[in-house]
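A structural walkthrough
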Number of protein chains: 4
Amino acid sequence: MSGSIYGKLLKVSTWGESHGAAVGAVIDGCPAGLAISEEYIQKYLDRRKPGQSEYSTKRAESDTVKILSGVFEGKTTGTPISLMVENTSHHSADYSNIKDVFRPGHADYTFNAKYGFRDYRGGGRSSGRETIGRVAAGAVAMSILEEYGVEIYAYVSQIGDISIDRDRFDKGEILKNPLYMPDHTAYVAASDYLDKLIQNKDSSGAMVECIVTGMPAGIGEPVFDKLDARLAYAIMSIGAVKAVEIGDGFDVVKATGSKNNDEFYMENGEVKKKTNHSGGILGGMSDGSDIILRAAFKPTPSIFRKQKTVTTDGRDTEIEIKGRHDPIIAPRAVVVVEAMTALTIADLILVNKSSLT
Amino acid sequence: MSGSIYGKLLKVSTWGESHGAAVGAVIDGCPAGLAISEEYIQKYLDRRKPGQSEYSTKRAESDTVKILSGVFEGKTTGTPISLMVENTSHHSADYSNIKDVFRPGHADYTFNAKYGFRDYRGGGRSSGRETIGRVAAGAVAMSILEEYGVEIYAYVSQIGDISIDRDRFDKGEILKNPLYMPDHTAYVAASDYLDKLIQNKDSSGAMVECIVTGMPAGIGEPVFDKLDARLAYAIMSIGAVKAVEIGDGFDVVKATGSKNNDEFYMENGEVKKKTNHSGGILGGMSDGSDIILRAAFKPTPSIFRKQKTVTTDGRDTEIEIKGRHDPIIAPRAVVVVEAMTALTIADLILVNKSSLT
Amino acid sequence: MSGSIYGKLLKVSTWGESHGAAVGAVIDGCPAGLAISEEYIQKYLDRRKPGQSEYSTKRAESDTVKILSGVFEGKTTGTPISLMVENTSHHSADYSNIKDVFRPGHADYTFNAKYGFRDYRGGGRSSGRETIGRVAAGAVAMSILEEYGVEIYAYVSQIGDISIDRDRFDKGEILKNPLYMPDHTAYVAASDYLDKLIQNKDSSGAMVECIVTGMPAGIGEPVFDKLDARLAYAIMSIGAVKAVEIGDGFDVVKATGSKNNDEFYMENGEVKKKTNHSGGILGGMSDGSDIILRAAFKPTPSIFRKQKTVTTDGRDTEIEIKGRHDPIIAPRAVVVVEAMTALTIADLILVNKSSLT
Amino acid sequence: MSGSIYGKLLKVSTWGESHGAAVGAVIDGCPAGLAISEEYIQKYLDRRKPGQSEYSTKRAESDTVKILSGVFEGKTTGTPISLMVENTSHHSADYSNIKDVFRPGHADYTFNAKYGFRDYRGGGRSSGRETIGRVAAGAVAMSILEEYGVEIYAYVSQIGDISIDRDRFDKGEILKNPLYMPDHTAYVAASDYLDKLIQNKDSSGAMVECIVTGMPAGIGEPVFDKLDARLAYAIMSIGAVKAVEIGDGFDVVKATGSKNNDEFYMENGEVKKKTNHSGGILGGMSDGSDIILRAAFKPTPSIFRKQKTVTTDGRDTEIEIKGRHDPIIAPRAVVVVEAMTALTIADLILVNKSSLT
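Residues numbered from 1 in each chain as written. Chains lettered and ligands numbered in written order. Predicted model: local features only at pLDDT ≥ 70, side-chain atom pairs only at ≥ 80, totals over all residues. Heavy atoms only, no water.

This part is about the overall build of chain A. The helix and strand inventory of chain A stands at eight helices and 18 strands. The C-alpha atoms of chain A give 21 Å as radius of gyration, which agrees with the globular expectation for 357 residues (21 Å, within 12%). Within chain A, buried positions represent 68% of all 357 residues. In chain A, once contacts between residues fewer than 6 apart in sequence are set aside, the share between residues at least 24 apart is 68%. In the form shown here, chain A has an accessible surface area of approximately 11,100 Å², with 47% of it arising from carbon and sulfur atoms. Side-chain charges of chain A comprise 42 positive and 47 negative groups, with the mean position of each set lying 5 Å from the other. (Helix = DSSP H or I, 4+ residues; strand = E, 2+ residues; numbered from the N terminus. Rg over C-alpha atoms; globule rule 2.2 N^0.38 Å. Buried < 20%, exposed > 50% of the residue type's maximum accessible area, 1.4 Å probe, protein only. Contact = heavy atoms within 4.5 Å. Areas by Shrake-Rupley, 256 points an atom, 1.4 Å probe, with all protein chains shown as cover. Lys, Arg positive; Asp, Glu negative; His and termini not counted. Charge placed at Lys NZ, Arg CZ, Asp CG, Glu CD.)

Here you go:
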């Protein structure tokens, strides 16, 4: 029944339900001597905080993080870092309409199948609030990566049929629009698309793309703990993700070897690749190029239309979901993708230090 | 540096290089009392054995498995099962042309970057022969799954632009053609396509699709050890896989919630879904429908054209690869996908037994 | 650097420093449906709470536990249980006399050697308050064990030269005296001994004995994860423990096989043992008899005498420790031994459920 | 059911039964670039090989190790090292007298209780031959430790009532007598004692002591993965060990703080301890002094006297064990204690490398 701990040496244990007292994470295995503050972590949390735009739930949460252990005089001590965010807006409203019904597209049925019952308030452990622990822990991982010159940034690259135009890619734009798209024109179009869906009581899927720069070569382990395998594990564990790809991803199906192979060449005494179809990973280890990964997020399952479903005691019924729900999951998940990527890479960098040299 | 052990309770430790004495796997955590024989495991290994068609290397290996421990009088004893396949065709030919050069698309460079040197004979640990341990262990997992009525089968669903036609889907066809495609017409077309690529000294990517039937609901753990997360981890760890998707996968990007949600209904006292966009997994736990996953395999990087690259001591050069290489990876990897799926699901079924009820 | 997570399926992650905001534990892998309350956990915590007798520090802490997640309507949900105890009495007094000095017998020097610096306030992570997380988590494990009819109790069996008399053994006496001894006469003698040591500004070692009744046979895994190996791991991880023994323990050195072997016999259709030299474990698995283990606790290293030592910057010096310190560690550690025993056995019982039958 | 894998980063997976085809180990996580040969490993195996004296079984096994993977041109490659020893003397003699009976002091009953049946030939997985994998893997760990200047040696320090005299301690004597005692006079006395026991169809317990020199300070993790906790885990997992102690061990029960604390002083710019009651470990981390640990081995349970016991189908009976059995376990286990100590320390040294500095 265990499954809320992630990592090989840098281990994160997250906990908490949507409508419990608090949510949090404990990070075991963080090196000593890193500068960490609540402000630093808060910056990441603020990017997934609700209520920041029309595309995000109006739940009023400040999501303020507290560091409860593992940091002394502003530096990590090498012992577990306990992070907590209190749930302040969990006035257990009226759950009578979902308590005894399985919402389509949600984990209600599978939780019941597994455990015999569930904490039905706001999705319980399967709520998006579960990702707060991931993001807080991811911030700690980011501070490890800074020591190695590794940077990570993600953004929404597609919503419905609307993709960003690579020629208009503007990294600076990402944090300027509520959909976290690096192309203002695409953002405007996506925004129109979402407005129509909202009117239609519907929701949209989206693609999140994540780039890692400054990667040293040789990170990741051959065979099972390949860097791409660990990334796929980490990213697919984010609720609503249905697909993960590295580099050219699914396009390799149509590719030929002569097109897909990245040729090597020397530049200033360093091995470089002319192209990056591999997405920065060869044989499960980083090849020194940027890592490129993409995650497909399904549409928010909570839509305000009437849907057919069944009750917990086995009768056919209909449900009409109410309350606060985002019409799209991906924008607030951008920082979650960054966090899981950071946790994975920081972990494998620490593992890689166990070489003799 | 550790990364060759997979699983939470059902742990597989694989070992071996392409041109070492042998390759193998040790399975720790297999329940006692299962009927297992070398013949049973051999059937799976024979499907990945080389030399069976024009699309597979001519390396003459019988890949005969030996059970060295953990089975007594035909039954598993509950103690580690050690499986070994000797390498018989590893006459260390002439490796002078790859010893000091990084082959594009291979792990030569990243192994050197990580370890300072590498076993260059036939790719060493990054060779496809590494998957023998996976397949042998996967056969043991299959025998666990038989106890629970779970069945797994995979096949090639796309090669280049040629996809199988769902209306012509014929499960019985899969083992009848060397490309393991469930559609004879698609197989013929793909076969032509590959013949042209071989003439062109090129290779092709492909898609493998895997179906799991008979799944009980509730398998998989919330949060990090979601069933889909563990499957993505397992499948992406197979060499040459660049993308993994569950259910509708990447198509969810374009979907809306009203289309993507699977409505529930009752049938004979059981909860059923009208559609299966979820691919059998909701909130990281099996929902009782068939599990559907797909993996994208890149084209074989070993192509017989001249390619630009660099030497291990940092000079630009050209390489022309010789020897025995498949023009497509996916067909022989079909059984590897099945094996990794089996190991993952059997593991999580065992973990799930730790409930009180 | 990771090392604060214990368990195979029932995983406990503890966190917190003596003078941080709080201490706590997260339990991942607890089965769903168990009745758990703060009151239930509090009873265990109260037994290690300071200030309850002359042999325990006067630090005024209520050590009140809060359940932050994983319990819904009084029952475990199967998701992580987060437990927290706030530190209320950590007015950062004056640490100038220990900040730059390594206290003999403490972990000051080794923390500095490992991490380059340390949280010197009250011992930081190496404080006895670290065991609060263990005891709180152990209470949850106890409630799992109740489902299986397993009971655990521990007590102080020896202090200095004063051992309990087996003929006077009275289980009911244990909770009646502040030294948790099951023999009132021995308690009185030990009490006198401790009073003299206190006058002498000295401290005493002691033995804790722990009994597990109701054990089913076959719990524990052959080879590395033997039940006794996991118990030794768990018990030796408690600060101040320097030795662990099972059954006859060190006495086996002088024993002969004919004396040490426990003969089997049948009673009411069950396999029984005439003696229990094995302490309930054979070949690393429980044999159905009571488990007997003992742990030797060293004397409290904080004594109020002047001691020679060195400074953090490498000069010889003297130290005279002040403040609140128990003259003996073992009595308050009795419940910690119970907790670690419970966590170990509950974990291995859950692992054992992964058999086919 | 899993329990045959040991280690955090340096993971050893052992396999094999007494009368199966072979026994072995797979080591995952060994750094690349170490010189390793079959000769190097064989030296360790030869010390546990049977048939070398009157106190060891006459089973004729050469116990010749083969390296099957992970070593290329004499150096470790960073990938799994597979080691195998074939069982050559397993002519499945006549097991009719133990097949259906539980031998007292053995794991027969507990194996049956756990798995429903057992491989009864020579003890199956619970045979002493299981330690071959430990010793072979331990040799690899020793070669890691050599890089750090760490040395490990163990010996028998007590048999029955006969202890070594510390004043006569002679390290050079250890390998000169078949009881591996560092005191020739004690060896002669112990030898007489054992001869009498053999005549009496009886067996003896013994103590093994192990010393680790050259330890850097700061190895081991606070809280659960303390160096002493991991050592206790590793050593108690050796069959027949019933107690483990570090430094003064059980004597701390009678000690006072003023006697037990080791005072620090400076010498040539290094922190030293005047005494070593701690056995080289403070707060779970190495303190730079020698590590001292002791393990109590029970008497061989296979004695040639008639013993009362029960049958697998639940009837009272008598058994008279025949065959080849050592009258004392400890001498051949000396190298097993060294191996488990080496694996533990090498593992924690590698884990410790994940610090930032």
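After presenting the structure, the write-up continues.
Turning our attention to the pattern of salt bridges. Enumeration according to the criterion identifies 101 salt bridges over all chains in this entry. A:E209 is paired through a salt bridge with A:R294; the nearest N and O atoms lie 2.9 Å apart. A residue pair is termed long-range when its members are at least 10 positions apart, and A:E209 in strand β10 (residues 206-213) and A:R294 in strand β16 (residues 291-297) qualify at 85 residues. Two residues, C:E221 and D:K114, come together in a salt bridge whose shortest N-O distance is 3.1 Å. Placement of the pair is C:E221 in the loop between β10 (206-213) and α6 (227-236) and D:K114 in helix α3 (residues 108-115), with the two residues belonging to separate chains. Here C:E221 falls in the buried class, since its relative accessible area comes to 0%. On the basis of relative accessible area, D:K114 is assigned to the buried category, the value being 8%. Three or more residues are tied together by salt bridges with common partners; here these are A:R166, A:E209, A:E245 and A:R294. (Salt bridge = Lys/Arg side-chain N within 4 Å of Asp/Glu carboxyl O.)

Our next topic: the relation of the copies chain C and chain D. Once turned by 180 degrees and shifted 0.0 Å along the axis, chain C lies on chain D with an RMSD of 0.0 Å. Expressed as an axis order, the relation between the two copies is that of a two-fold axis. Minimal C-alpha separation from the rotation axis in chain C is found for C:Y233, amounting to 2.2 Å. Looking at chain C, 100% of its interface residues are interface residues in chain D too, so the copies touch through the same face. (Least-squares fit on C-alpha atoms with pLDDT ≥ 70 in both.)

Contacts between the two partners involve 108 residues from chain C and, on the opposite side, 108 residues from chain D. Surface buried jointly by chain C and chain D totals about 8,200 Å² across both partners, of which 62% is contributed by carbon and sulfur atoms. On the chain C side of the interface with chain D, the three residues burying the most area are C:F224, C:K242 and C:F264, jointly 11% of the side's total. Taken together, the links from chain C to chain D amount to four salt bridges. On the surface where chain C and chain D come into contact, there are 47 residue pairs in polar contact (both at pLDDT 80 or more). (Buried area = accessible area lost by both parts, 1.4 Å probe. Polar contact = N/O pair within 3.5 Å; in protein donor to acceptor, adjacent residues only side chain to side chain.)

Counting residues at the interface gives 42 residues for chain A, matched by 42 residues for chain C. When chain A packs against chain C, close to 3,200 Å² is buried across both sides, 67% of that on carbon and sulfur atoms. By the criterion of area lost to chain C, the three top residues of chain A are A:W15, A:F72 and A:F117, representing 18% of everything that side buries. For the pair chain A and chain C, the interface holds zero salt bridges. Where chain A meets chain C, there are 10 residue pairs in polar contact (both at pLDDT 80 or more). When residues of the side of chain A that touches chain C are assigned to their parent elements, the largest contribution, five residues, is made by strand β2 (residues 11-16) of chain A. When grouped by side-chain class, the residues that make up the side of chain A that touches chain C number 18 nonpolar, 15 polar and nine charged. (Nonpolar A, V, L, I, M, F, W, Y, C, P; charged D, E, K, R; others polar.)

Here we have 10 strands laid out as an open sheet, ordered β9(C)-β8(C)-β10(C)-β16(C)-β11(C)-β11(D)-β16(D)-β10(D)-β8(D)-β9(D), and antiparallel in their pairing. Either end of the sheet is taken by a strand with one partner, and the two such strands are β9 (162-163) of chain C together with β9 (162-163) of chain D. Pairing of strand β8 (residues 151-159) of chain C with β10(C), which is carried by eight bridges, proceeds in the antiparallel orientation. Within β10(C), the position partnered with C:E151 by the bridge is C:T213. Seen against the sheet, helix α8 (residues 330-352) of chain C touches β8, β10 and β16 (291-297) of chain C and runs at an angle of roughly 145 degrees to β8(C). (Pairing = 2+ DSSP bridges. Axes fitted to C-alpha atoms, helices over the stretch in contact; angles between N-to-C directions.)

Next up on the list: the pairing of strand β18 (residues 316-320) of chain D. Residues and elements named next belong to chain D. Pairing of strand β17 (residues 306-310) with β18, which is carried by five bridges, proceeds in the antiparallel orientation. Following the sheet pairing, Q307 is matched in β18 by I319. Hairpin connection between β17 and β18: a loop of five residues separates the two successive antiparallel strands, and G314 in this loop has a positive phi of roughly 85 degrees.

Right, let's talk about the packing of aromatic side chains for a bit. The final tally for this structure, using the stated rule, is 44 aromatic pairs over all chains. Cation over ring: A:K114 sits above A:Y115, and NZ or CZ is 5.9 Å from the ring centre. Between B:K171 and the ring centre of B:Y153, over which it is positioned, the NZ or CZ distance is 4.1 Å. (Phe/Tyr/Trp six-rings, centres within 6.5 Å; stacked < 30°, edge-to-face > 60°. Lys NZ or Arg CZ within 6 Å of the ring centre and 35° of its normal.)

This part covers the relation of the copies chain A and chain C. What relates the two chain copies is a rotation about an axis together with a slide along it. The transformation that overlays chain A on chain C combines an axial shift of 0.0 Å with a rotation of 180 degrees, and the residual RMSD is 0.0 Å. Counting the interface residues of chain A, we find that 100% of their copies in chain C are interface residues as well, pointing to one common contact surface.

Residues and elements named next belong to chain D. Overall, antiparallel pairing links the five strands, which are arranged β1-β2-β3-β7-β4 in an open sheet. Of all strands in the sheet, those with a lone pairing partner are β1 (5-6) and β4 (65-69), marking the two edges. Note: β4 against strand β7 (residues 81-86), four bridges, orientation antiparallel. Note on β7: the bridge partner recorded for K66 is M84. Sheet contacts for helix α4 (residues 131-147): β2 (11-16), β3 (22-28) and β7; angle to β3, the most-contacted strand, approximately 35 degrees.

With that settled, consider the nonpolar core. Of all hydrophobic cores here, the largest spans 371 residues; its most connected members are A:I41, B:I41, C:I41 and D:I41. Once you skip the residues sitting within four places of it in the chain, D:I41 turns out to touch D:I36, D:V65, D:I67, D:L83, D:A136, D:A139 and D:V140. (Core = buried A, V, L, I, M, F, W, Y, C linked by side-chain atoms within 4.5 Å.)

Further remarks concern the pairing of β2(D). Residues and elements named next belong to chain D. Counting buried positions along β2 gives five out of six residues, so the element sits mostly inside the fold. Taken together, the two bridges between β1 and β2 define a ladder with antiparallel strand orientation. Pairing of Y6 across the sheet is with V12, part of β2. Across six bridges, β2 lies against β3 in antiparallel orientation. Considered in β3, the bridge of W15 is made with G24. Where β2 folds back onto β3 in an antiparallel hairpin, the turn is made up of five residues.

Residue and element names in this part refer to chain D. Despite not being glycine, K201 has its phi angle at roughly 55 degrees, a positive value. Within the secondary structure, K201 sits in the loop between α5 (184-199) and β10 (206-213). The phi dihedral of A240 is positive, around 85 degrees, even though this residue is not glycine. As for its position among the elements, A240 is in the loop between α6 (227-236) and β11 (241-246). On the basis of relative accessible area, A240 is assigned to the buried category, the value being 18%.

This part is about the packing of helix α1 (residues 38-48) of chain A against helix α8 (residues 330-352) of chain A. Residue and element names in this part refer to chain A. It is at 7 Å that the axes of α1 and α8 come closest, and there the two elements cross at 140 degrees. Counting all contacts with α1, which are made through Y44, R47 and R48, the residues of α8 involved are R332, V334, V335 and E338. Here the contact of α1 with α8 is composed, by residue class, of three nonpolar, no polar and four charged.

Residue and element names in this part refer to chain C. Closest axis-to-axis distance for the helix α1 (residues 38-48)/helix α4 (residues 131-148) pair is 9 Å, and the angle between their directions is 135 degrees. It follows from the interaxial angle that α1 and α4 lie oblique. As α1 runs across α4, the sense of the crossing is right-handed. Here α1 contributes Y40, I41, Y44, L45 and R48 to the contact with α4, which in turn contributes T131, I132, V135, A136, A139, V140, M142, S143 and E146. Residues that form the contact of α1 with α4 fall into these classes: 10 nonpolar, two polar and two charged. (Parallel < 35°, antiparallel > 145°, perpendicular 65-115°, else oblique. Left-handed = near helix turned anticlockwise from the far one by under 90°.)

Now for the confidence of the model for chain A. The predicted structure's coordinates, where accompanied by low pLDDT, should not be read in detail. Here chain A averages 94 in pLDDT, while 97% of its residues score no lower than 70. Reported for the predicted complex are a pTM of 0.97 and an ipTM of 0.97. (pLDDT = per-residue confidence, 0-100.)

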